[in-house]
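The primary structure of each chain is shown beneath.
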Amino acid sequence: MKGIDSIKLKIYGKISVGLITSNHEFGSNIGYDDESWALTNDGRVFHGAESFDYCEPLKDPSYIVIWLLKSSGEVKFIVNGVDNGVAFKHPIFWTGNLK
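What you see is a predicted model, and the numbers here were worked out from it, not measured in a lab.

## Some points on the side chain of histidine 47
Line of reasoning, step 1. Structurally, histidine 47 can be placed in strand E4 (residues 44-47).
Line of reasoning, step 2. Among the polar contacts made by the side chain of histidine 47, one reaches the main-chain carbonyl oxygen of serine 36 at a distance of 2.8 Å.
Line of reasoning, step 3. Contact partners of histidine 47, with chain neighbours within four places excluded, come to Gly31, Asp33, Asp34, Glu35, Ser36, Trp37, Phe88 and His90.

Structural data, given as structure tokens:
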């Protein structure tokens, strides 16, 4: 589908998955700054100084699809086949804003 990007991951253990910009400081935790957005193994999502419960805690293994809808700037995580809805909506994800 045009305007949609996704990636499917199989993960184990304590992990954070998500998206970062080219300005994210290498080595820093993903989701804890304004340049990254993350889902953690305890089912919480993080961006900047904010976090909230998003889904059930992840199990070993978990299958995650990171879904980016460029036309609206929406990001969602599909965990073990369950669409948990929009986790983030940010203008940086709109078509043309990603570098």
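On we go from here.
## Some details on the nonpolar core
Line of reasoning, step 1. In terms of nonpolar packing, the biggest core is built from 15 residues, with Leu39, Val45, Tyr54, Ile64, Phe77, Val79 and Phe88 touching the most fellow members.
Line of reasoning, step 2. Of all the secondary-structure elements, those providing two or more residues to this core are strand E3 (36-40), strand E6 (62-69), strand E7 (74-79) and strand E8 (82-89).

## Considering the sheet that holds E3
Line of reasoning, step 1. Taken in spatial order, the four strands line up as E2-E3-E4-E5 in an open sheet, and their pairing is antiparallel. The sheet is open, and its two edges are formed by strand E2 (16-20) and strand E5 (50-53), each paired on a single side. Strand-to-strand twist across the sheet, computed as the mean angle between neighbouring axes with direction ignored, equals 15 degrees.
Line of reasoning, step 2. With five bridges connecting them, E2 and E3 associate as antiparallel partners. Paired with glycine 18 across the strands is alanine 38, a residue of E3.

## Thoughts on the pattern of salt bridges
Line of reasoning, step 1. One pass over the full model with this rule turns up two salt bridges.
Line of reasoning, step 2. Ionic pairing is found between aspartate 53 and arginine 44, a salt bridge with its closest N-O pair at 2.6 Å.
Line of reasoning, step 3. Here aspartate 53 falls in the exposed class, since its relative accessible area comes to 59%.
Line of reasoning, step 4. Two residues, aspartate 83 and lysine 76, come together in a salt bridge whose shortest N-O distance is 3.1 Å.

## Some details on the environment of aspartate 42
Line of reasoning, step 1. By secondary structure assignment, the location of aspartate 42 is in the loop between E3 and E4.
Line of reasoning, step 2. Accessibility expressed as a relative area gives 39% for aspartate 42, which makes it partly exposed.
Line of reasoning, step 3. Not counting residues within four places of it along the chain, the set of residues in contact with aspartate 42 comprises Cys55 and Pro57.
Line of reasoning, step 4. One polar contact links aspartate 42 to threonine 40, side chain to side chain, over a distance of 2.3 Å.

## Looking at unusual backbone geometry
Line of reasoning, step 1. A cis geometry characterises the amide bond from aspartate 60 onward to proline 61, with omega recorded as -15 degrees.
Line of reasoning, step 2. Summarising the element assignment, proline 61 is placed in the loop between E5 and E6.
Line of reasoning, step 3. If you check the backbone angles, asparagine 80 has positive phi at about 50 degrees while not being a glycine.
Line of reasoning, step 4. Mapped onto the elements, asparagine 80 comes out in the loop between E7 and E8.

About the criteria used
- Residues numbered from 1 in each chain as written.
- Predicted model: local features only at pLDDT ≥ 70, side-chain atom pairs only at ≥ 80, totals over all residues.
- Heavy atoms only, no water.
- Helix = DSSP H or I, 4+ residues; strand = E, 2+ residues; numbered from the N terminus.
- Polar contact = N/O pair within 3.5 Å; in protein donor to acceptor, adjacent residues only side chain to side chain.
- Contact = heavy atoms within 4.5 Å.
- Core = buried A, V, L, I, M, F, W, Y, C linked by side-chain atoms within 4.5 Å.
- Buried < 20%, exposed > 50% of the residue type's maximum accessible area, 1.4 Å probe, protein only.
- Pairing = 2+ DSSP bridges.
- Axes fitted to C-alpha atoms, helices over the stretch in contact; angles between N-to-C directions.
- Salt bridge = Lys/Arg side-chain N within 4 Å of Asp/Glu carboxyl O.

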